[in-house]
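Structure at a glance
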Amino acid sequence: MNILILGSGGREHSLAWAVMQNPKCDRLIVAPGNAGIAEIAECAALNIEDGGAVTVFAEENAIDFVIVGPEAPLAAGVSDRLRAAGFLVFGPSGAAARLEASKAFTKQICDAAGAPTAAYGHFSDAASAKAYVQAQGAPIVIKADGLAAGKGVIIAETVADAETAVDEMFSGAFGDAGTEVVIEEFMQGEEASFFVLCDGEDVLPIGTAQDHKRVGEGDTGPNTGGMGAYSPAPVMTDDVVQAALDQIVKPTMAEMARQGIPYQGVLFVGLMIENGVPRLVEYNVRFGDPECQVLMMRLGAQVLDLLQACAEGRLADTQVNWAADHALTVVLAAKGYPGAYEKGSVIGGLEHLPEDSSHMVFHAGTGRASGQYIAQGGRVLAVTARAQTLSDARDEAYAMVDDIDWPDGFCRRDIGWRALSGD
Ligand code: AMP
Ligand code: GLY
């Protein structure tokens, strides 16, 4: 099988790493890829949000299966273009990708499906948004409706802060994403992520994870794309998983099908769990980054079979082989991230680290210059380990981190703290 993966982050490196292990994979191209991915697969420069260009590339390279990593090409309808040209694709249509691309759309689907989520209002002008804030009180959550690269959510502790956030959104702080605003009840509880393959009809859970969104230890400081993650998430007990499937995922999928927009791909279900009861925070239409890295390490080579079964509508006959293991990933980021940071610093020591089915350094933002790895992004590496217990996985991941020589990088030292605090 000739396989094309679209994307360039740690998520795509881990997808490529898992897919490569499957003997069905004859040739793997990742576009555009990064310096770490180039060690295990071919990389190709390609504008992955241009459906026409991706389709021509897939034709020229006799691709049998396309796996779409990030949300932007999905929202841009790249999977529709590929499917129209006859390609097998893992990833939802542009219309179904609105589950991530529009928070108002997701809320409407949840209402129709009866899926538990935060109470909300949807506004297109500041005056009515502020009237809603005043009526509801604080804390309250203000969200730009559209894709805002994870930055369009403000948790306001006071009504005054909420009003400022409303003004900022309507004055264009988040560009077009903020021309419509969703205002939500603040939900208490513990957050976890649940990953489910959906083929338009059937669903197959493939794992749970928790990430650390804040830049600072103890979950403090500004939000990031994610500074580390682990799988499984202890809060996702069998009962919580079943409730999330029965009350949230399956009714949402049925409602999507009923509306003529069946969903095919991975559904990233962001949950808030309070007293064993899950409620939906958000959907994403892709794997999480860095959650994907821990899921891929736990699933290994079967990932290709699972994604293919999903794309071919065969999930009803498909099973996941689980191991009772744990995986943890620590993100190394450039100093300054998520604010301004320098590019181009040299990263040493990577050559000597173990690379096997339980240890991998997934690259997120690296390049090569003069025979050395250099940092080229905010989040740069995801150092990932798998073991029988979460504390062993953590110790092994940090042992690898300590062997990396990158003075211009930093990481959080407390990834997994919540799950490990009972140690
Ligand atoms: P989102 O982009 O919708 O995932 O929001 C980013 C983060 O904001 C989530 O991961 C939560 O930590 C937090 N958040 C979003 N909505 C709510 C809510 N209604 N109640 C509490 N926290 C929320
Ligand atoms: N780590 C969170 C995300 O990928 O959205």
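What this report covers is the structure whose coordinates are included nearby. (Residues numbered from 1 in each chain as written. Chains lettered and ligands numbered in written order. Predicted model: local features only at pLDDT ≥ 70, side-chain atom pairs only at ≥ 80, totals over all residues. Heavy atoms only, no water.)

In this section: the sheet that holds strand β21 (residues 372-375). Strands sit in the order β18-β21-β20 across an open sheet of three strands; the sheet is antiparallel. In the strand order of this sheet, the two ends are held by β18 (346-347) and β20 (366-369), each with one partner. Sheet analysis places β18 next to β21, joined by two bridges and oriented antiparallel. Bridge pairing in β21 links Ile347 to Tyr373. (Pairing = 2+ DSSP bridges. Helix = DSSP H or I, 4+ residues; strand = E, 2+ residues; numbered from the N terminus.)

Time to look at the state of the cysteines. Summed over the entire model, instances satisfying the criterion amount to zero disulfides. Between Cys292, a free cysteine, and Cys310, which holds the nearest cysteine sulfur, the sulfur-to-sulfur gap is 14 Å. For Cys310, which is in no disulfide, the shortest distance to another cysteine sulfur is to Cys198 and amounts to 6.9 Å. (Disulfide = S-S within 2.5 Å.)

Right, let's talk about the sheet that holds strand β3 (residues 42-43) for a bit. Taken together, five strands build an open sheet; the order of strands is β3-β2-β1-β4-β5 and the sheet is parallel. At either margin of the open sheet sits one strand with a lone partner, and together these are β3 and β5 (88-90). Where strand β1 (residues 2-7) and strand β4 (residues 65-68) come together, four bridges link them in parallel fashion. Paired with Leu6 across the bridge in β4 is Val68. Packing of helix α1 (residues 10-20) onto the sheet brings it into contact with β1, β2 (27-32) and β4, and relative to β1 it is tilted by some 165°. (Contact = heavy atoms within 4.5 Å. Axes fitted to C-alpha atoms, helices over the stretch in contact; angles between N-to-C directions.)

In this section: the site of ligand 2. Lining the immediate surroundings of ligand 2 are Asp211, Gly225, Phe268, Arg286, Gly288, Asp289, Pro290 and Glu291. Gly225 is positioned with one of its backbone polar atoms (N or O) 3.0 Å from a nitrogen atom of ligand 2. Between Glu291 and ligand 2, the recorded distance is 2.9 Å, taken from a side-chain N or O atom to a nitrogen atom. In the complex, the protein chains occlude 88% of the 200 Å² of accessible area that ligand 2 would expose alone. Taken together, the residues that form the shell around ligand 2 break down as two nonpolar, two polar and four charged. (Near = heavy atom within 4 Å. Polar contact = N/O pair within 3.5 Å; in protein donor to acceptor, adjacent residues only side chain to side chain. Areas by Shrake-Rupley, 256 points an atom, 1.4 Å probe, with all protein chains shown as cover. Nonpolar A, V, L, I, M, F, W, Y, C, P; charged D, E, K, R; others polar.)

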